[in-house]
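# Fold and geometry: a report
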Amino acid sequence: MTDLTEFISHLPKCELHVHIEGTLEPELKFALAARNNVTLPYADADEMRAGYAFHDLPSFLACYYEGMSVLLTEADFYDLAWAYLNKAQEQNIRYAEIFFDPQAHTSRGITFGTVIRGLRRALMDARRLLDVRAQLVMCFMRDFSAEYAMATLMESLPYQEWIIGVGLDSDERGNPPAKFAAVFARARAEGYQLTMHCDVDQENSVDNIRQCLDVIGVDRIDHGVNCLESEDLQNEIKARGLGLTVCPISNSYVRGSDGLAVVRKMLDGGLRVTISSDDPAYMNGYVTENLLAVQATTPLTPAELVQLQRNAFEIAWLPDAVKDTYLTELDGYLTTDVEC
Ligand code: ADE
Ligand code: ZN
């Protein structure tokens, strides 16, 4: 007999929306700063955590980009990803699709190869040593130009075997999906899977989700919770079988407890919702904490908790045979005797 907290903590998990740069914990930031002779504007990790103050996407992004100043060498990117993958193992995350933001680094003079070689080596070691599987998804930053995104896409091609798909992140305001139509069409032609952020409560959230479907033809949507405002949009998302990678704690910075409650609404509405962590080092929550936060606001049954993971494994960019092994593991877990 196990309680629900324990059930959540041991549940086999699939994380589809985590920015590797958003997993940079203050302690590691200080260690990398010391190694690279970078001065940080805080005395220690606790002071840094206390200094994180954000209430919307732009105020979060300012902290997030500032934090990257310590990431300079291939070893730094390795250490960053290795730390996340160890955390993933602790939380029984069996599979993760991990975003990285090459332009946040190439714009600082760090080469694409430096970034991806470090990340890739950590992913390979995690598979071998931790039994955690992961793949990389390259995000374009939507507040840079479409030309810079296209150049980044071209730069990625020699490493294409190491990248499963492309996404779009950063500041959505004034940067709708259609701005990147040609880039995503080329990414599709090159064989990449496609996703895009539609962050919560943006100026044109509903229109932007619509563009993801009609202009881009995405394979899934990151966040996308504002689809709840349009019946048509929900019907279209369901008809296409698209999943939505929702990050409840991240949403709650913008919406308070309603950011957590949307998961219940999406489940009840028959949407293929999944739960992820977004930027866990900044938002105080990896997948387990996100599930616990949702559970505390709008109770979920063990079967619903398993359904959320099932949704994620089903929409993961993995061969069917590999998905099936995880889904079988999950089915076995549902037979755990839970004390509610
Ligand atoms: N980059 C890192 N986290 C992000 C988020 N939640 N939205 C947009 N861009 C991001
Ligand atoms: Zn995100």
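Just above sits the structure.
Okay, so let's go over this structure. (Residues numbered from 1 in each chain as written. Chains lettered and ligands numbered in written order. Predicted model: local features only at pLDDT ≥ 70, side-chain atom pairs only at ≥ 80, totals over all residues. Heavy atoms only, no water.)

This part takes up a negative patch on the surface. A grouping of D3, E6, D337 and E339 is seen on the molecular surface, where their side chains present a negatively charged patch. Mapped onto the secondary structure, E6 falls in helix 1 (residues 4-10). Among the residues examined, E6 registers a relative accessible area of 39% and is labelled partly exposed. (Patch = residues over 30% accessible without salt bridge, like charges linked within 9 Å, V, L, I, M, F, W, Y side chains within 5 Å. Areas by Shrake-Rupley, 256 points an atom, 1.4 Å probe, with all protein chains shown as cover. Salt bridge = Lys/Arg side-chain N within 4 Å of Asp/Glu carboxyl O. Lys, Arg positive; Asp, Glu negative; His and termini not counted. Charge placed at Lys NZ, Arg CZ, Asp CG, Glu CD. Helix = DSSP H or I, 4+ residues; strand = E, 2+ residues; numbered from the N terminus. Buried < 20%, exposed > 50% of the residue type's maximum accessible area, 1.4 Å probe, protein only.)

With that settled, the discussion passes to the packing of helix 12 (residues 248-255) against helix 13 (residues 258-268). Where helix 12 meets helix 13, the axes come as close as 6 Å, and the angle between the chain directions of the two elements is 125°. In terms of axis orientation, helix 12 runs oblique to helix 13. Contacts from P248, I249, N251, S252 and R255 in helix 12 reach D258, G259, L260, V262 and V263 in helix 13. In the contact of helix 12 with helix 13, the residues fall into five nonpolar, three polar and two charged. (Axes fitted to C-alpha atoms, helices over the stretch in contact; angles between N-to-C directions. Parallel < 35°, antiparallel > 145°, perpendicular 65-115°, else oblique. Contact = heavy atoms within 4.5 Å. Nonpolar A, V, L, I, M, F, W, Y, C, P; charged D, E, K, R; others polar.)

Here we come to the packing of helix 16 (residues 302-315) against helix 17 (residues 320-334). Between helix 16 and helix 17, whose axes approach to 10 Å, the crossing angle comes to 175°. One element, helix 16, and the other, helix 17, form an angle in the roughly antiparallel class. Note on element contacts: helix 17 touches helix 16 through K323, Y326, L327, L330, D331 and L334, opposite P302, A303, V306, Q309, R310, F313 and E314. For the contact of helix 16 with helix 17, a count of residues per class yields eight nonpolar, one polar and four charged.

Before going further, it helps to examine the pairing of strand 6 (residues 193-198). Buried residues dominate strand 6, accounting for five of its six residues. Where strand 5 (residues 163-169) and strand 6 come together, two bridges link them in parallel fashion. Looking at strand 6, one finds that G165 is bridged to Q193. Between strand 5 and its parallel partner strand 6, the chain crosses via helix 9 (residues 181-190), and the hand of that crossover is right-handed. Read from strand 6 through helix 10 (residues 205-216) to strand 7 (residues 220-223), the crossover connection turns out right-handed. (Pairing = 2+ DSSP bridges. Right-handed = clockwise from strand over helix to strand, strands pointing away.)

Consider a sheet: its strands pair through backbone hydrogen bonds, and that pairing is either parallel or antiparallel. Reading across from one edge, 2-3-4-5-6-7-8-9 is the order of the eight strands in this open sheet, with parallel pairing throughout. A single partner strand is all that each edge strand has here, and the edge strands are strand 2 (13-19) and strand 9 (272-275). Adjacent strand axes in the sheet meet at a mean angle of 25°, parallel and antiparallel pairs treated alike. Against the sheet, helix 7 (residues 112-129) makes contact with strand 3 (93-100), strand 4 (133-141) and strand 5, and its axis sits at roughly 155° relative to strand 4, the strand it touches most. Across the sheet, helix 8 (residues 146-156) lies against strand 4 and strand 5, angled at about 150° from strand 4, the strand it touches most.

What follows covers the pattern of salt bridges. Under the criterion given, the structure shown has 26 salt bridges. Among the ionic pairs, R173 bridges to E203, the shortest N-O distance being 3.1 Å. Highlighted residues: R173 in the loop between strand 5 and helix 9 and E203 in the loop between strand 6 and helix 10, separated in sequence by 30 residues. For R173, a relative accessible area of 59% gives the class exposed. Classification of E203 as exposed rests on a relative accessible area of 55%. Residue D214 is joined to R210 by a salt bridge in which the shortest nitrogen-to-oxygen separation is 3.5 Å. In this pair, D214 and R210 are both assigned in helix 10, four residues apart and thus about one turn of the helix distant.

Moving on, we get to the packing of aromatic side chains. Throughout the structure, instances matching the rule amount to 17 aromatic pairs. Pairing F60 with Y282 gives two aromatic rings, centres 5.8 Å apart and planes at 85°, and the pair type is edge-to-face. Of this pair, F60 sits in helix 4 (residues 57-67) while Y282 is found in helix 14 (residues 280-283), placing the two residues 222 residues apart along the sequence. The same class applies to F60 as to Y282, namely buried. Pairing Y78 with W82 gives two aromatic rings, centres 6.1 Å apart and planes at 20°, and the pair type is stacked. Here W82 and Y78 lie together in helix 5 (residues 74-90), a separation of four residues that amounts to about one turn. Y78 sits in the buried class, given a relative accessible area of 14%. By relative accessible area, W82 is classed as partly exposed at 23%. One aromatic cluster in this structure is built from Y52, F54, F60, Y64, Y65, Y253 and Y282. The lysine or arginine in question, K87, covers the ring of Y286, its NZ or CZ lying 5.1 Å from the ring centre. Between the NZ or CZ atom of R220 and the centre of the ring of W317, over which it lies, the distance is 3.8 Å. (Phe/Tyr/Trp six-rings, centres within 6.5 Å; stacked < 30°, edge-to-face > 60°. Lys NZ or Arg CZ within 6 Å of the ring centre and 35° of its normal.)

Every protein donor of the zinc ion (ligand 2) is accounted for by H17 (NE2), H19 (NE2), H197 (NE2) and D278 (OD), and the metal-donor separations fall at 2.1 to 2.2 Å. Classification of the site at the zinc ion (ligand 2) rests on its four donor atoms, whose angles at the metal span 85 to 173°, yielding the label irregular. The sequence motif formed by the donor residues of the zinc ion (ligand 2) is H-x1-H-x177-H-x80-D. (Donors = N, O, S within 2.8 Å, 3.2 Å for Na, K, Ca; no water. Tetrahedral: all angles 85-135°; square planar, octahedral: opposite > 155°, others 65-115°.)

Purely geometric numbers; function is a separate question.
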